[in-house]
Each structure stands twice: as C-alpha cells, then as structure tokens.
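# Reading the structure
Here's the letter readout for the chains.
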Amino acid sequence: MTKEKTEIPVKYDAVIVGGGIAGLTAAAFLSKEGRSVLLCEKESKVGGLVNTFSLNGFSFDGGIRATENSGVLHPMLARLGIDVTFVSNNVSIGIEDSIVTAISKESLEDYRMMLKEQFPDNTADVDAIICEITMIMKYMDILYGIDNPIFMDMKKDRKYLLGTILPWLFKYIVTIGKIRRLQTPVDEYLGALTDNQVLIDIIAQHFFKKTPTFFALSYFSLYLDYRYPKGGTGALIGKIADFISGHKGDIRTDTKIIRVDAANHIVTSLSGEEFTYDRLIWASDMKRFYEYLDLSGITEGKILEEIRQKKALIADKTGGDSVITTYLTIDLDKSRFENICSEHLFYTPVKQGLSGCPLSDIIVSGTSGVPVFTSDKASVVAWLEKYYARTTYEISCPVMRDVSMAPEGKTGLIVSTLMEHSLVKHIESMGWYDEFKEFSHTHMLKALEEGIFYGITQHVTGKVVATPLSIEKLTGNSDGAITGWAFTNKSIPAVSDIAKVMKSVLTPVPDIYQAGQWTYSPSGFPISIMTGKIAADKVLRDLKRS
C-alpha cells in the first residue's frame, strides 16, 4: 500500500534499502537497540533470494535451497532471541548412476571412491584432489569453527573472549594467509593436479565460472553445515520480519527507492514518497545505487571524485552467474526419491563435461567482455540440448525435509542449473523466450529421466520455470546474479579479503553504508548476514556519537 506524498518527509534514524537477508539483519539489530528504522523493499514481500512460495498445495523455495550456519546464522538468531526450528539437510553428490551422501567428514572417502570408479585411469589424480579438499576442510574448521565474534557482546562474554576468541585468533591469522594463496580459479588449480579435462569439469562445473579454489573446494565442508528451516527458507525470513515489526521497525513493501539525495539525507520512492534518514544502508544492487544517487548537493571535491571513481569502476562490471529452475509438482510419494538420494542433490547425468560444449560455440563476437550471440536459432537450440545433457543440476526436495511442504503422497522437486543471463536476454530479443522456457523444462526433465529418476516425466502434474530474467526482476540484481559480482570480471569492485571484511560496508558517500552480496566477494548467505550486522553496528556507533 502506498501513501500520498507528504510535505514534510518522515524522519528515521536509519533507512535501509533492500529487504533481502542483509537488509533484514541490519534492520533487526537497529530496531533491537530502539532506533527508528525504515526498511524499503520493492517487491510485495521481503526475503529476496530467501523465500518460499506455494503452488497448488506444494511449497517451494524460490531462492536458496537450504541455509548454512558458518558460525554466522545461529549466533545472529541467538543474539536477537529469534527461535527458528531447523531440520536435517543431507547433501548428495551424483555422477551418472553413482551417488554418495555427505554425512560426516568421513564421507569424503566415499566421494574419493566414487571419483576413482568413474575415472579409473586417474586414481592418483583423484587422491591429489581429495588431499587438497581435506586441507581446505581443515582451514574451514578454523575459519568458521566458532561463533563469529561480531555477534558477541565482549563486555558480557568475557569468558568466551578469553577462552575461545583469543586462542582462535592466532590460528585464524595463520589460516588467512594460507587462504590468500588459494585464489586461483578452481579449473586452473585442478589443471595442475590432473590433465583429464572431464574430471576437472565434473568437479568444477558445480560452481560459478572462475570460482576461487578455496571457495569451490570448501563446499564439501559447507554441505555438512547445511540445515533447513522448518516450513521453508521463507519461514526464517518471516521470523526476522516479525522481530523487526515487534520492535517498532517499519517495513514497507512495494516501495522501490529511485532517488538518493545524499546532501539532504532524503530517499524518494517510485510513488513519490520521501523519507529522511540520519544514516542509510543500501542493501540492494550496487549499480542501482550509483544510478539513483543524486550528487547535486554535494560540494566537497574529494568526495565527488571518489564517487565518480567508484561509478567508473563498476560501470563495465557484470553480476555473477545466474540459474534456470523448473519447479515440479509430482504425483509420487517422497519415498520414491528417498530410495535414490538425499533431500539435496548435486547431480551430473553424464560423464562428459561442459568443456565439450563451450558457450563460445554460439558467440559470433564480443567486445569488452559482452558476448554477441548467433541469431541462428537452430544453433542455439543444438547448443542448449548438449548443455542440458551435460550440466550439473542442483535438485532439492522440500518434502523430504518437512512433510508439510507437499500434499500427502506427493512430491515437489526444485531442479536448477547455471544459465547465462546474456544468452537468455538474447533469446528474449529473438522472440522465443516462452518457447525457451518450455524447451528448458523438457530437456532438464529428460536429463533426470534418462539418469536416476526413470519414469518421472509421466508423473509431473505441474511446473513453473524461472530464468535469469525472473531472478533479475525479483531481486533487481544486475544480470540476474545470485551471488554478487562475477569472478570473470578483470577486477572485482568489492572487498575480497576476509581480514578486511569490516571495511566492506563503507561507501564514498557520507552517512551511507552498504550491505549484502555486492559488498564482499566471494559472497553468499553468511556474508550477507555478516555485512548486514557490520553495517548496523557502524550506524549505531555513528548515532551514539551524534
């Protein structure tokens, strides 16, 4: 619901733009301290890529499929006093008809054996790769092995400070140095361990293009950390939103901010409403921030130059990888799937690898990193057929975690794979976007049908297909990105050193902070929460000083 524009803008201690997990985290901690807070979200509900929606009696997660603690989520909830019930979320990894489930650290040995069975001529290479993963898992134990200190009250938690934080700090400093040496793109790093390109592909194509090695090979540890909020990921968002409202925070949905008057501390919505702020936290797409920033009242030359430099820096940068997803309603009991895999599966249908169908096959030219795709529809279709046969799928089955997520005796499946935003945009411009969605659904389903889910097609009773364009519309994220800046950028316009994460929320604009996936790289769910908390802490510090 919108209000008519008033003569005197409503004044808040803090205005937060963007109602994803970062913005919600910031709003929760500010409202907890009794500060007047306005959270503006352009969509009809908050959550962004952490959401749950209903379809014909089924519940689906519209963004992330599960949550990871990483020493962040649970301490955040505990500090706020928010009670969320989490249930098990076991992760399986499958290649053709072989599947292993990550239950404990010892499950890495099962993964080693699966890779050796799949690649019998590369057993020594597999051992070398598993050795690297084991090493990185030890680093992860140190990096995320304790509750993150930013959620601690060190004045009250002296015992935790002296008994846990200080002994951990030395290990942390040493580990950070080792992690910095693991920033090579994972496909290149694996190339030094094996010359089997298919083996490299099968491991690397789980991740975004040019994902740093540490971030990619740490995922086996993260799989062990996954948990699922009972009622869906949207249930977590609902609890945080209720906390904000219960502490007199103001959440306004359907409120898109299109102007930031930095000199006068005023933001303006699409409907013309104006709100004044003491401090602003931008928890949304970074390109939009600089697009909507009104500099007319800023006179200090140094500040203007820093802002112009930042705008120039991000101008040609692209958002990270996106995904295409088909949400399936199926008239089969969940036991049909429980007999095959766990509730969360990363599955590669054929052992061929995506290097055999590079995107360059359908690119005719490109300048400044922007590809120009062929207008020959037949060539694009042929490439897509090959891609959907070879890619790795993330498959989530909510009802296997929580029986309330589907009607009795039925199952909902969420099937996703990485998809190039610019290609889908090109397809839309060619006029066959709807056909593309149907084609994608059919061929994604075919890959599962011919793989481990034989006979599934005839039991599908309904579907919804979401593309990178859907994500772009929902979140406002440039290029439909699901984790901030692309690793393929020549330089990433965000802090990318975990030791400097506290500075990631700073902007060149006075009294304005940033939070969320565009502020730090590599990004994700835990980083978004962390930056939301860090930004809130800086605002609280500023307000106490003023």
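Residues numbered from 1 in each chain as written. Predicted model: local features only at pLDDT ≥ 70, side-chain atom pairs only at ≥ 80, totals over all residues. Heavy atoms only, no water.

### Description of unusual backbone geometry
Omega for the bond connecting S521 with P522 falls within 30 degrees of zero, at 0°, which places this linkage in the cis form. Turning to its location among the elements, P522 is positioned in the loop between strand 22 (512–514) and helix 18 (525–545). The residue N56 is not glycine, and still its phi comes out positive at about 55°. Counting through the fold element by element, N56 comes out in the loop between strand 3 (52–55) and strand 4 (58–61). The exposure class of N56 is exposed, given its relative accessible area of 65%. Positive phi, normally seen in glycine, also occurs at D479, with a value near 60°. Turning to its location among the elements, D479 is positioned in the loop between helix 17 (468–475) and strand 22. The class for D479 is partly exposed, based on a relative accessible area of 22%. (Helix = DSSP H or I, 4+ residues; strand = E, 2+ residues; numbered from the N terminus. Buried < 20%, exposed > 50% of the residue type's maximum accessible area, 1.4 Å probe, protein only.)

### Let's talk about the sheet that holds strand 5 (residues 67–68)
Strand order across the open sheet formed by 3 strands is 5-9-6, with antiparallel pairing between neighbours. Among the strands making up the open sheet, the edge pair consists of strand 5 and strand 6 (86–88). Pairing between strand 6 and strand 9 (residues 226–229): 3 bridges, direction antiparallel. For V87, the partnering residue across the bridge sits in strand 9 and is Y228. (Pairing = 2+ DSSP bridges.)

### Considering the sheet that holds strand 21 (residues 460–466)
Pairing in this open sheet of 7 strands is mixed, and the strands run 8-7-16-19-20-15-21 from one edge to the other. Among the strands making up the open sheet, the edge pair consists of strand 8 (98–102) and strand 21. Each strand axis lies, on average, 20° off the axis of its neighbour in the sheet, ignoring direction. (Axes fitted to C-alpha atoms, helices over the stretch in contact; angles between N-to-C directions.)

### Observations regarding the packing of helix 15 (residues 421–430) against helix 17
With their axes 8 Å apart at the nearest point, helix 15 and helix 17 run at an angle of 100° to one another. One element, helix 15, and the other, helix 17, form an angle in the roughly perpendicular class. Two secondary-structure elements touch here, helix 15 through H421, V424, K425 and E428 and helix 17 through P468, L469 and E472. Residues belonging to the contact of helix 15 with helix 17 are distributed by class as follows: 3 nonpolar, 1 polar and 3 charged. (Parallel < 35°, antiparallel > 145°, perpendicular 65-115°, else oblique. Contact = heavy atoms within 4.5 Å. Nonpolar A, V, L, I, M, F, W, Y, C, P; charged D, E, K, R; others polar.)

### Overview of the pairing of strand 4
It is a general feature of regular strands that their side chains alternate between the two faces of the sheet. Taking every second residue as pointing to the same face, both faces of strand 4 are buried, with F58 and F60 on one and S59 and D61 on the other. Direction of pairing for strand 3 relative to strand 4: antiparallel, over a ladder of 4 bridges. When the sheet's bridge partners are listed, T52 is paired in strand 4 with D61.

### Some points on the pattern of salt bridges
Taken as a whole and judged by the stated rule, the model has 28 salt bridges. Salt-bridge contacts for E33 lead to K32; the nearest nitrogen and oxygen are separated by 3.7 Å. The exposure class of E33 is partly exposed, given its relative accessible area of 44%. We note a salt bridge from R259 to D261, for which the minimum N-O separation is 3.6 Å. Because the salt bridges share partners, they merge into one network encompassing D278, R279, D511, R541 and D542. (Salt bridge = Lys/Arg side-chain N within 4 Å of Asp/Glu carboxyl O.)

### What about the nonpolar core?
With 153 residues, the main nonpolar core has Y111, L384, Y388, L413 and F453 as its most contacted residues. Residue contributions to this core peak at 10 residues, all from helix 18. Among residues more than four places away in sequence, those in contact with Y111 are I93, V100, I130, I133, I203 and F220. Core analysis: the next-biggest nonpolar cluster, separate from the first, contains 30 residues, Y12, C40, I512 and W518 among them. (Core = buried A, V, L, I, M, F, W, Y, C linked by side-chain atoms within 4.5 Å.)

### With respect to helix 15
Among all positions in helix 15, only H421, L423, V424, H426 and I427 are buried. Packing partners of the buried residues in helix 15 comprise strand 18 (370–373), helix 14 (377–390), strand 20 (411–419), helix 16 (433–449) and helix 17. Looking one or two places after helix 15, you find G431, whose phi comes out positive at around 95°.

### Overview of the environment of K105
With respect to the helices and strands, K105 occurs in the loop between strand 8 and helix 3 (107–118). Separated by 16 residues in sequence, K105 and D121 have C-alpha atoms that sit 26 Å apart. Dropping the residues within four chain positions of it, K105 is found in contact with M137, D141 and L224.

### Things to note about the packing of aromatic side chains
Under the counting rule described, the total for this entry stands at 23 aromatic pairs. Pairing F215 with F487 gives two aromatic rings, centres 6.4 Å apart and planes at 65°, and the pair type is edge-to-face. Taken together, the residues span a long stretch of sequence, with F215 in helix 8 (residues 213–217) and F487 in the loop between helix 17 and strand 22 at a distance of 272 residues. With respect to class, F215 is no different from F487; both count as buried. When the centroid spacing of 5.8 Å and the interplanar angle of 65° are considered together, the rings of Y387 and Y388 count as edge-to-face. The exposure class assigned to Y387 is buried, which follows from its relative accessible area of 8%. (Phe/Tyr/Trp six-rings, centres within 6.5 Å; stacked < 30°, edge-to-face > 60°.)

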